[in-house]
Amino acid sequence: MIYGLIVAGGFGRRMGSDIPKQFLKVRHKAIISYTVSVFLEHPKMDKVLILVPEDWIEYTKDLFMQDFGEQEKIVVVAGGELRNDTIMNGIKYIKENLPFDDETIIVSHDAVRPFVTAEIIDRNIEALAEYTACDTVVAATDTIVESTNHEYITDVPNRANLYQGQTPQSFRITKFEELYNSLTDEEKGILTDAAKVFVIKGEKVALVEGANSNIKITHPSDLDIANSILGHRRG
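Residues numbered from 1 in each chain as written. Predicted model: local features only at pLDDT ≥ 70, side-chain atom pairs only at ≥ 80, totals over all residues. Heavy atoms only, no water.

### Focus: unusual backbone geometry
Pro-168 follows Thr-167 through a cis peptide bond whose omega is 15 degrees. In this structure, Pro-168 sits in strand β8 (residues 163–172). With a phi close to 70 degrees, His-28 is a non-glycine residue in the positive phi region. Structurally, His-28 can be placed in the loop between β2 (25–26) and β3 (29–30). Even without a glycine there, the phi angle at His-150 is positive, about 60 degrees. Position of His-150 among the secondary structure elements: in the loop between β7 (133–139) and β8. A relative accessible area of 73% places His-150 in the exposed class. (Helix = DSSP H or I, 4+ residues; strand = E, 2+ residues; numbered from the N terminus. Buried < 20%, exposed > 50% of the residue type's maximum accessible area, 1.4 Å probe, protein only.)

### Remarks on the nonpolar core
Ranked by size, the top nonpolar core spans 34 residues in total, and within it Ile-32, Ile-50 and Phe-64 carry the most contacts. With five residues, the top contributor of residues to this core is helix α1 (residues 31–41). When neighbours within four sequence positions are excluded, Ile-32 is seen to be in contact with Ala-8, Gln-22, Phe-23, Ile-50, Val-52, Leu-63, Phe-64 and Ala-111. (Core = buried A, V, L, I, M, F, W, Y, C linked by side-chain atoms within 4.5 Å. Contact = heavy atoms within 4.5 Å.)

This is the structure in structure tokens:
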């Protein structure tokens with residue numbers, strides 16, 4: 001089984017909006033609906049779970065009914081406080097309600113990355129034929145500087161070895177749960193995403209080629225970029 005898991009549990013306060021950023025509209029359509037449509041149309045997805053703030057569940061269901069009609073493939077579930085809490089909520093729902101085994105795959109993706117493609121999803125699924133987890137990335141084009149004291153540069157890593165992480169991040173459900181539950185509170189405190197769970201525990205995480213257009217909408221200026229991308233595609 002392959003399940004899409006759309007992570008939309010946050011509010012995105014950097015956007016300066018009164019509603020979660022995933023529900024903001026780009027060209028008259030909610031950002032989250034663009035994202036969900038790619039997963040919904042992918043032939044290998046058995047179900048698409050969308051995890052949103054609990055208070056926004058009914059709003060989300062109404063939105064999807066308006067955009068997609070009645071869809072058995074879509075499930076809306078409450079997200080958690082942090083990203084990996086949200087993923088664990090999704091896993092809990094799957095274990096209690098859907099078929100799964102040791103080979104079951106989750107393709108987790110940011111709700112606010114609406115320009116993911118079917119090809120990127122395919123590359124994630126293909127990587128799991130060999131690895132237990134993979135991360136979508138693009139090569140870093142800017143020089144990255146490190147500052148451990150936030151005052152001056154303490155290191156300039158070799159750009160040739162650096163990548164910018166995107167999503168999807170994909171993995172086998174049972175392996176993720178096993179590793180996550182084995183983390184100490186200190187290890188959980190330094191998590192930034194699902195891939196780091198595997199890295200902390202010494203598991204190999206395969207690199208999957210992403211795309212520069214697979215942007216994450218975080219700041220108001222990103223809405224302008226999203227509008228431009230959609231305008232170019234429709235043109």
